[in-house]
Amino acid sequence: LVGSEMCIRDRKDSIMKSRRIFKIILITAVLVIVLSIPAFATAKNGVVKSQANVRSGPGRSYSLVYENLPANTQIIIIDRVKCNDGTTSKDWYRVEFNYGGKFYENCYISTGLVTVTSDSGISDEAPELYKSYIDNLKKAHSNWNFKFLYTGLSWDEVLENENVSGRSALQVPPYDKKYLSTTDKTYNPSTGTWTPIDGKTWFQASSDVVSYYLDPRNFLTKESDIFQFETLSYDKNAQTLSGVESMLKGTFMEDSKISTGEKENVGGSCDLNSDNKTDIADAMMLFQYSAGNLADLGSGKDIADLNGDGEIDVADAMILFQYVGGSRKTIGNNTETDVTVTYAQAFMNAAELYDVSPYHLVSRVIQEVGSNGSRSVSGTEPGYEGIYNYYNIGAYQSSDPVINALKWASTPSSNEKYLRPWNSRYKAILGGAKYIATGYISVGQNTLYLQKFDVVANGGLYSHQYMSNIMAASSEGIRTYNKYSNMGQLSNSFTFLIPVYDNMPNLPAGVKPTR
């Protein structure tokens, strides 16, 4: 028995020792796996911000794999590693990419030259910093839908790029110079003066002002501010002709008609009883006269020979019956005339053609040319007579941006797709709408905010902005809200797309300018 007990004890010790060895092996394996996991457990997408030298290792002493890889090149980020040759304090990305028909892998680019984009995406989940604001808006408007664009961009990086000279303009007056940048190249510290970046009264805004308009949280406290985040596709249930007409009240476009450039056959007239219309009563008069039951047509004789045979008879009466009955489109004295539509109908036509909100189009036009119009839409500017640009597209910063806009509107490209030259008001409205739809909305810049702040990585970042006016998205959004409110439409279903940045300040940033 003693020997049996010893045998059993030895077997137990052997089993326990085997288990300890297995645990050690298992823990070691796990550590090896964990330690071998790269900084990114899964590959991420990225885009080169500016020309970048691609190297064979994480440091500037390593050989070049590709010199001056162009900006906006799409890359796949495999890993993030420390610089190991002491040439820089920045980390490096291990990347792979296709360029010029060749595939590159196991090469390195400095993290400062790359924007990570694969953390971006649209979600229904509000970030913690936004939740209290969104909850309050949802309580007031249960039909409103909120989506969040996780850009994958750091707050500091975006702010730095939006502070680049010329991207964020503030008008002085009416605002005070204390809201202008004193670190921008347009400021002369020796004289205490600024050089305008657009026209004569638009200057580079300070970083505090840019921060205020860049931080979405500053516009989530009041429902009147939220509409700069409204998605801008056409919604036929919410956006109506009467709504557009309401938005145009008090402007130069109210109740005005413009030519479409087409002609229509108005069919002529045969108003025999002088009631200012051609209808069945006139046809009956002509029939009675041709049958001998009516002695005289009076002055109607001059217009009653509808078939032009020199006689007024039953054949003419039959023509008139067919015309007023709708089976005949014209009568003998028909004429051609211009087809005209109201401005409101023109904006609705553009909305239906290009899937863009007509309210957005109207708001954009008023923002650009004002309620009374401007030289951009007068059609009388010397050298550009009969040229119109309602959206001021091409009004690049200069001493006279309007001339740039009219020049752009008058010049078709080799494969023109925006209906240029805009030598009619109707073409200018439709062509500009198509430009906005295809150049901005369809590439992801489908809110007023995203047209001001280009934080959507489609072909690059920051530079593809519609307007430099730092307040434009906010003011256009408020105008849209007011129109919805006046029309009693705030209970409708709207969708808002709100950007989110990495490492945002805990509290809303910036300073709001006051007059």
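Residues numbered from 1 in each chain as written. Predicted model: local features only at pLDDT ≥ 70, side-chain atom pairs only at ≥ 80, totals over all residues. Heavy atoms only, no water.

Description of the overall build of the protein chain
Selection rule: We count a stretch as a helix when DSSP gives it H or I for four or more residues in a row; a strand needs E for two or more, and each element gets its number in order from the N terminus. Exposed residues in this analysis have more than 50% of their type's maximum accessible area, buried residues have under 20%, and partly exposed residues fall in between, with area computed by a 1.4 Å probe over protein chains only. By definition, residues are in contact when any of their heavy atoms lie within 4.5 Å. Here the accessible surface of atoms and residues is derived via Shrake-Rupley with a 1.4 Å probe, and residues count as covered only by protein chains that are part of the display.
Looking only at helices and strands, the protein chain features 13 helices and 16 strands. In the protein chain, which comprises 515 residues, the proportion classed as buried is 44%. Relative to all contacts within the protein chain whose residues are 6 or more apart in sequence, the contacts with residues 24 or more apart total 67%. Of the roughly 25800 Å² of accessible surface on the protein chain, 49% is carried by carbon and sulfur atoms.

Regarding the nonpolar core
Within soluble globular proteins, side chains that are nonpolar generally end up buried alongside one another. Note the cut-off: Throughout this description, the term nonpolar core refers to a set of buried Ala, Val, Leu, Ile, Met, Phe, Trp, Tyr and Cys residues connected via side-chain atoms within 4.5 Å.
Formed by 101 residues in total, the largest nonpolar core has its most connected members in Ile226, Phe347 and Tyr391. It is helix H11 (residues 425–439) that provides the largest number of residues to this core, a total of eight residues. Apart from the residues within four sequence positions on either side, isoleucine 226 is in contact with Leu137, Trp144, Phe146, Phe219, Leu220, Phe496 and Ile498. Tyr93, Val95, Tyr104 and Val114 belong to the second largest nonpolar core, which has 14 residues in total.

So, the pairing of strand E1 (residues 44–48)
Here is the rule: Strand pairing requires that DSSP identify at least two bridges connecting the strands.
With four of its five residues buried, E1 lies for the most part within the structure. One ladder, built from four bridges, connects E1 with strand E4 (residues 74–81); its direction is antiparallel. Opposite lysine 44, over in E4, you have isoleucine 77 as the bridge partner. Two elements, E1 and strand E7 (residues 114–116), share three bridges in a ladder whose sense is antiparallel. Looking at E7, one finds that glycine 46 is bridged to valine 116.

So, the sheet that holds strand E8 (residues 121–123)
Which entries qualify depends on this criterion: Only the stretch in contact is used when fitting a helix axis, every axis being a line fitted to C-alpha atoms; angles between N-to-C directions are given from 0 to 180 degrees.
With mixed pairing, three strands are arranged side by side in an open sheet as E8-E9-E16. Looking along the sheet, the strands with just one partner apiece sit at the ends: E8 and strand E16 (495–502). Strand after strand, the sheet turns through a mean of 30° between neighbouring axes, direction not considered. Sheet topology places E8 next to strand E9 (residues 145–154); three bridges connect them, and they run antiparallel. Residue pairing across strands places isoleucine 122 opposite leucine 149, the latter belonging to E9.

Let's talk about the side chain of aspartate 225
For clarity, the threshold we go by: When charges are counted, Lys and Arg contribute as positive and Asp and Glu as negative, whereas His and the chain ends are disregarded. Salt bridge, as used here: a side-chain nitrogen of Lys or Arg that lies within 4 Å of a carboxyl oxygen of Asp or Glu.
With respect to the element layout, aspartate 225 can be found in the loop between helix H4 (207–214) and helix H5 (241–248). For the buried aspartate 225, no salt bridge exists, and the shortest N-O distance to an oppositely charged side chain is 4.4 Å, to lysine 222. Look past the residues within four positions of aspartate 225 in its chain and what remains in contact with it is Asn218, Phe219 and Ile478.

Digging into the packing of helix H8 (residues 343–354) against H11
The condition is simple: By definition, any crossing whose near helix is turned counterclockwise from its far helix by less than a right angle is left-handed, and any crossing with a clockwise turn is right-handed.
One way to put it is that H8 packs onto H11 with a least axis distance of 9 Å and a crossing angle of 35°. Viewed along their axes, H8 and H11 form a crossing whose handedness is right-handed. Contacts between H8 and H11 involve Tyr343, Ala346, Phe347, Asn349, Ala350, Leu353 and Tyr354 on the former and, on the latter, Arg425, Tyr426, Ile429, Leu430, Ala433, Lys434 and Ala437.

Some points on the packing of aromatic side chains
The test is simple: Note on aromatic pairs: the rings of Phe, Tyr and Trp (six-membered ring only in Trp) are paired at centre separations within 6.5 Å, and the planes decide the class, stacked below 30 degrees, edge-to-face beyond 60, tilted for the rest.
For the coordinates displayed, the defined rule picks out 31 aromatic pairs. With a centroid separation of 5.1 Å and 85° between ring planes, the pair formed by phenylalanine 227 and phenylalanine 496 is classed as edge-to-face. Residue phenylalanine 227 is located in the loop between H4 and H5, and its partner phenylalanine 496 is located in strand E16; the two are separated by 269 residues in the primary sequence. Its relative accessible area of 1% is what places phenylalanine 227 among the buried residues. With a centroid separation of 5.0 Å and 55° between ring planes, the pair formed by tyrosine 449 and phenylalanine 453 is classed as tilted.

A short note on the packing of helix H9 (residues 358–369) against helix H13 (residues 472–486)
What counts here: Our angle categories are set so that under 35 degrees counts as roughly parallel, over 145 as roughly antiparallel, 65 to 115 as roughly perpendicular, and the remainder as oblique. Amino acid classes used here: Ala, Val, Leu, Ile, Met, Phe, Trp, Tyr, Cys and Pro are nonpolar; Asp, Glu, Lys and Arg are charged; the rest, including Gly, are polar.
Two elements in contact, H9 and H13, have axes separated by 10 Å at closest approach and are oriented at 125°. One element, H9, and the other, H13, form an angle in the oblique class. Considering the relative orientation of H9 and H13, their crossing is right-handed. Where H9 approaches H13, its residues Tyr359, His360, Ser363, Arg364, Ile366 and Gln367 are matched on the opposing element by Ala472, Ser475, Glu476, Arg479, Thr480 and Tyr484. Residues belonging to the contact of H9 with H13 are distributed by class as follows: four nonpolar, five polar and three charged.

Some details on the side chain of asparagine 446
Its place among the elements puts asparagine 446 in the loop between H11 and helix H12 (448–452). When neighbours within four sequence positions are excluded, asparagine 446 is seen to be in contact with Glu230, Thr231, Leu232, Tyr440, Ile441 and Leu497.

Some thoughts on the confidence of the model for the protein chain
Regions with low pLDDT carry predicted coordinates that are not meant to be interpreted in detail. Put simply, the rule reads: Confidence of the predictor at the level of single residues is captured by pLDDT, which takes values from 0 to 100.
Per-residue pLDDT for the protein chain averages 86, and the proportion of residues at 70 or more is 88%. Least confident of the elements in the protein chain is helix H1 (residues 2–36), whose mean pLDDT is 48; most confident is H4, at 98. Counting interchain partners and residues more than four positions distant, the pLDDT-below-50 stretch residues 1–8 has zero contacts. The low-confidence segment residues 24–42, where pLDDT is below 50, has eight contacts with residues more than four positions distant or belonging to other chains.

Regarding a nonpolar patch on the surface
This is how it is decided: Surface patches are drawn from residues lacking salt bridges whose relative accessible area is over 30%; two like charges belong together within 9 Å, two nonpolar side chains (Val, Leu, Ile, Met, Phe, Trp, Tyr) within 5 Å.
Judged by side-chain polarity, Phe287, Val314 and Met318 come together as a nonpolar surface patch covering roughly 250 Å² of accessible area. Within the fold, valine 314 resides in helix H7 (residues 314–325).

Overview of H13
Worth spelling out the cut-off: Expected span of a helix: the number of residues minus one, times 1.5 Å.
Here H13 is 15 residues long and its end C-alpha atoms lie 21 Å apart, about the 21 Å a rise of 1.5 Å per residue gives. Buried within H13 we find Ala472, Ala473, Ser474, Glu476, Gly477, Thr480, Tyr481, Lys483 and Tyr484. Contacts made by the buried residues of H13 are with H4, H5, H9 and H12. Positioned one or two residues after H13, glycine 488 has a phi angle of 70°, which is positive.

Brief notes about unusual backbone geometry
With omega at -15°, the peptide bond leading from valine 172 into proline 173 counts as cis. With respect to the helices and strands, the residue proline 173 is situated in the loop between strand E10 (169–171) and strand E11 (187–188). Omega for the bond connecting arginine 420 with proline 421 falls within 30 degrees of zero, at 5°, which places this linkage in the cis form. By the secondary structure assignment, proline 421 is in the loop between helix H10 (401–410) and H11. The phi angle at asparagine 276 is positive, at roughly 65°, despite the residue not being glycine. Considering the arrangement of structural elements, one finds asparagine 276 in the loop between strand E14 (257–265) and helix H6 (280–290).

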